Structure formats: structure tokens, C-alpha cells
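Spelled out from the first residue to the last, the chains are:
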Amino acid sequence: MADSTALSPGCAASPGAVSRPSRVISITSGKGGVGKTNITANLAYILSRKRKKTMVLDADTGLANIDIILGLTPTYNLYHVLTGEKTLEEVMVRGPGGILVLPAASGIGEMADLTRGQKLTLLDELNALKEPLDFVLMDTAAGISQNVMYFNLAAEEIIVVVTSEPTSLTDAYALIKILYQRHAKKRFRLLVNMARSAVQAREVFERLNHATDHFLNLTIDYLGHVIYDAKLQEAVQFQKPIAELYPAAPATRCLRAIAETLYHEKPEVDEDGTLRFFRKNILTNGRE
Ligand SMILES: Nc1ncnc2c1ncn2[C@@H]1O[C@H](COP(=O)(O)OP(=O)(O)OP(=O)(O)O)[C@@H](O)[C@H]1O
Ligand SMILES: [Mg+2]
């Protein structure tokens, strides 16, 4: 690992952990600025505190900021893994609560610049990790760029973050439509952020679900909401997860409820009984 916050070699995997299934979840959105990075960082923090080995993969290769939100200054990043210069273990750093962070690549604009072989390097590195992870949370960029598609296709589960703004909903719809129609992704879970109330959040979900059901013949699932909370903005200023800084804040309670849901779910398992980090077959055979 890269620096003093790195994982010490003594932190060995617990016995029997090798067969433990891991879940790869992308946290994505159509529109920018809806709260993906904060949600990812906080869910990772809460899951890590609950002794789930959790890695955040900063997949926003444009404006990387999970390291800023967590107050980290990493030396290496995803780019070095993708190009094979460093191993995943050399690049990962430890954040608050024991989160493992794979910092975003600076130096590549688009994943399109990378060769197929380079993209597969990341998958191989994840599959080869000595310490199996319980969760890999991928904080993607907003929109429908090739980068976003790559990480969403690689994920086993997709959480789409929206706010109540109409543009956030139309952009989320566009993202879901492409992932469903062009890439055969069928399972989407909606997280409504900056909600004014649970009722309002539900209504936002119903609106989007109605549209996907009507026009795409696809129903989406509701994961939950995070309430609008000025304390979250304060936590950003302090470069700490709100869940760490303000454990009793309303937004923290919402984030904890969502983390609980993820914590208690049974991961979907492959035919061979394992859940692989990435759907390599999609990346090798399908459209990217
Ligand atoms: N629940 C919330 N309550 C209040 N403010 C929030 C909440 N969630 C996010 N914010 C505000 O929105 C800002 C943007 O959040 P964040 O950077 O996590 O969004 P993002 O979706 O990752 O953005 P980008 O698309 O640019 O990556 C935060 O800095 C914070 O000020
Ligand atoms: Mg972000």
C-alpha cells in the first residue's frame, strides 16, 4: 500500500474468508451534484464500522473527490493499476473507519483511451486480492459517458441517485434507458437524496418508476432516501463523513438505514457459488 494509512500486512483475512462472496455496487446518476460521492463515502464508512471489509473505488476519472471528502492525500491511483504500474494493494489507502480507498485516476480523460487489456487488469487485480472484500462501492461520474457505462456494466448492482429536481429525474431515466436497452441491465435501485421528507422521496421514486414502467416496461426498486441536512455540508467542509462527524444527524440516520439494508441483504451468487468482482464476460464479449 501507498503510505502510512496503508493496510498493514498483519491485517490478514479471517479464516474461511476466501470463499466469502463480495458485492460490487455502483453508485451513479444521470445528473451531477446529486450526492453520489458523499453517499458512497458514508455508506462505506458505516459498513466498515460494522466490520464489513469495504472498498471505495473512485470511478470518477474527471473530477476526483472522494479522497478530498475523506481528507486523504494518496500517492498513486486507479490509473497506475489500470496501466499495470502498481498492484491494487500498493495503491489502496485506508480512510476513516477502516475504509479502503482506491483513488481515482487522474491522467486519463476517458476509459476509451485505455486498451481492453488495461481495463481487464483492474478486474484481474480485484479478483486476485488476498484479502477478500465484502463490498466494493464504486462512485461514478454523472452522465452517460463511456467511463460511466464501463463501471456500471462492471458492477453487480446499480444504485441510481436522484434528487427531486425534474432534470435529475429525466437524466436518471436516460441513464437507466441506455443501461437497460443497450446493455441489458435490469436491476436498478433508486436512492432519493436531499429529500424534504420520506413522503416526498417516495413520490419522487413513484414518478420515475411510473416512467420506466410505462415507456420501458421496466420496474425499478426503491432503496430509500437521505434527508436534506445542512450538517452534511458542514462535514464536507471538515473533510469527514457526516456519519463520523455527526452520528446523530438526520442524514446520518438515513444513511445508516440504507447501510443496514445493504448489510442484511444476501448477495446474488453466480452459478458456481461465488460472486465475482466484475462481470468480466460483459467486458470481454459485450459492448462497452
Ligand atoms: N443530503 C444532503 N443534504 C444537504 N446537502 C447535500 C446532501 N447531499 C449532498 N449535498 C450537497 O451536495 C454537494 C454535492 O454532493 P456530491 O459531491 O456528493 O455529489 P456528486 O453526485 O458526487 O457530484 P458529481 O456529480 O459532481 O460527482 C455536497 O458537497 C453537499 O454540499
Ligand atoms: Mg462525485
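Keep in mind that what you see is a predicted model, and the values were worked out from it rather than measured.

Chemist: Can you help me understand the overall build of the protein in this one?
Modeler: A count of helical and extended segments in the protein gives 12 helices and eight strands. Across the protein, contacts joining residues at least 24 apart in sequence account for 78% of those joining residues at least 6 apart.

Chemist: Help me understand the site of ligand 1, please; the structure alone is not making it clear to me.
Modeler: For ligand 1, the set of nearby residues contains 19 residues, the closest of which are G32, G35, K36, T37 and N38. Among the elements of the structure, α1 (36-49), β7 (188-195) and α9 (230-237) are those that each provide at least two residues to the shell around ligand 1.

Chemist: Looking at this structure, how should I read unusual backbone geometry?
Modeler: The phi torsion of most residues other than glycine is negative, and most of the peptide bonds are trans. The backbone phi angle of A184 is positive, close to 60 degrees, even though this residue is not glycine. Assignment of secondary structure puts A184 in the loop between α7 (166-181) and β7. In this model, M194 sits at a positive phi of 55 degrees, which is unusual for a non-glycine residue.

Chemist: How should I be thinking about the pairing of strand β5 (residues 135-142) in this particular structure?
Modeler: Along a regular strand, successive side chains alternate from one face of the sheet to the other. With respect to burial, β5 is a largely interior element, eight of its eight residues being buried. Summarising the sheet, strand β1 (residues 23-29) and β5 pair through six bridges and their orientation is parallel. The partner of V24 across the bridge, within β5, is V136. As judged from the six bridges shared by strand β2 (residues 54-59) and β5, these two strands associate in the parallel manner. When the sheet's bridge partners are listed, L57 is paired in β5 with M138.

Chemist: Sorry if this is basic, but what is going on with the packing of α7 against helix α8 (residues 198-216) here?
Modeler: Axes are the key here: two packed helices are described by the angle between their axes and the distance separating the axes. For the pair α7 and α8, interaxial distance at closest approach is 11 Å and the crossing angle is 40 degrees. Put simply, α7 runs oblique to α8. Every pair of crossing elements has a handedness; the one defined by α7 and α8 is right-handed. Contacts from L169, A172, Y173, I176, K177 and Y180 of α7 reach α8 at R207, L208, A211, T212 and L216.

Chemist: What is the right way to look at the nonpolar core in this model?
Modeler: Membership of the largest hydrophobic core comes to 82 residues, with the highest contact counts inside it found for L43, V56, V160 and V162. For L43, the residues in contact, after removing those within four places along its chain, are L137, L255, I258, A259 and L262.

Chemist: What is the right way to read the packing of α1 against helix α11 (residues 250-264) from this model?
Modeler: Packing of α1 against α11 leaves a shortest axis separation of 9 Å and a crossing angle of 60 degrees. One finds that α1 runs oblique with respect to α11. Relative to α11, the crossing made by α1 is right-handed. Contacts between α1 and α11 involve N42, L43, I46 and L47 from the former and L255, R256, I258, A259, L262 and Y263 from the latter.

Chemist: Looking at this structure, I do not really get the environment of G30. What am I missing?
Modeler: With respect to the helices and strands, the residue G30 is situated in the loop between β1 and α1. G30 sits in the buried class, given 24 other C-beta atoms within 10 Å. For the pair G30 and A142, spaced 112 residues apart in the sequence, the C-alpha separation amounts to 5.3 Å. Excluding anything up to four places from it in sequence, G30 contacts A142, G143, S168, D171, A172, A174 and L175.

Chemist: Help me out: how do you make sense of α11 in this one?
Modeler: Think of an α-helix as 3.6 residues a turn; residues three or four steps apart then line up on the same face. Its 15 residues place the ends of α11 22 Å apart at the C-alpha level, agreeing with the 21 Å of an ideal helix rising 1.5 Å per residue. Looking at α11, one finds that the buried residues are A251, T252, C254, L255, I258, A259 and L262. Buried residues in α11, looked at end-on, bunch into an arc of 160 degrees, giving them a common side. Turned more than 90 degrees away from the buried face of α11, the exposed residues are T261 and H264.

Cut-offs and rules
- Residues numbered from 1 in each chain as written.
- Chains lettered and ligands numbered in written order.
- Predicted model: local features only at pLDDT ≥ 70, side-chain atom pairs only at ≥ 80, totals over all residues.
- Helix = DSSP H or I, 4+ residues; strand = E, 2+ residues; numbered from the N terminus.
- Contact = placed C-beta atoms within 7 Å.
- Near = placed C-beta within 6 Å.
- Buried ≥ 20, exposed ≤ 12 C-beta atoms within 10 Å, placed from the backbone.
- Pairing = 2+ DSSP bridges.
- Axes fitted to C-alpha atoms, helices over the stretch in contact; angles between N-to-C directions.
- Parallel < 35°, antiparallel > 145°, perpendicular 65-115°, else oblique.
- Left-handed = near helix turned anticlockwise from the far one by under 90°.
- Core = buried A, V, L, I, M, F, W, Y, C linked by C-beta atoms within 7 Å.
- Expected span 1.5 Å × (residues − 1).
- Arc of directions from axis to C-beta.

Remember that the coordinates give geometry; whether it matters functionally is a separate question.
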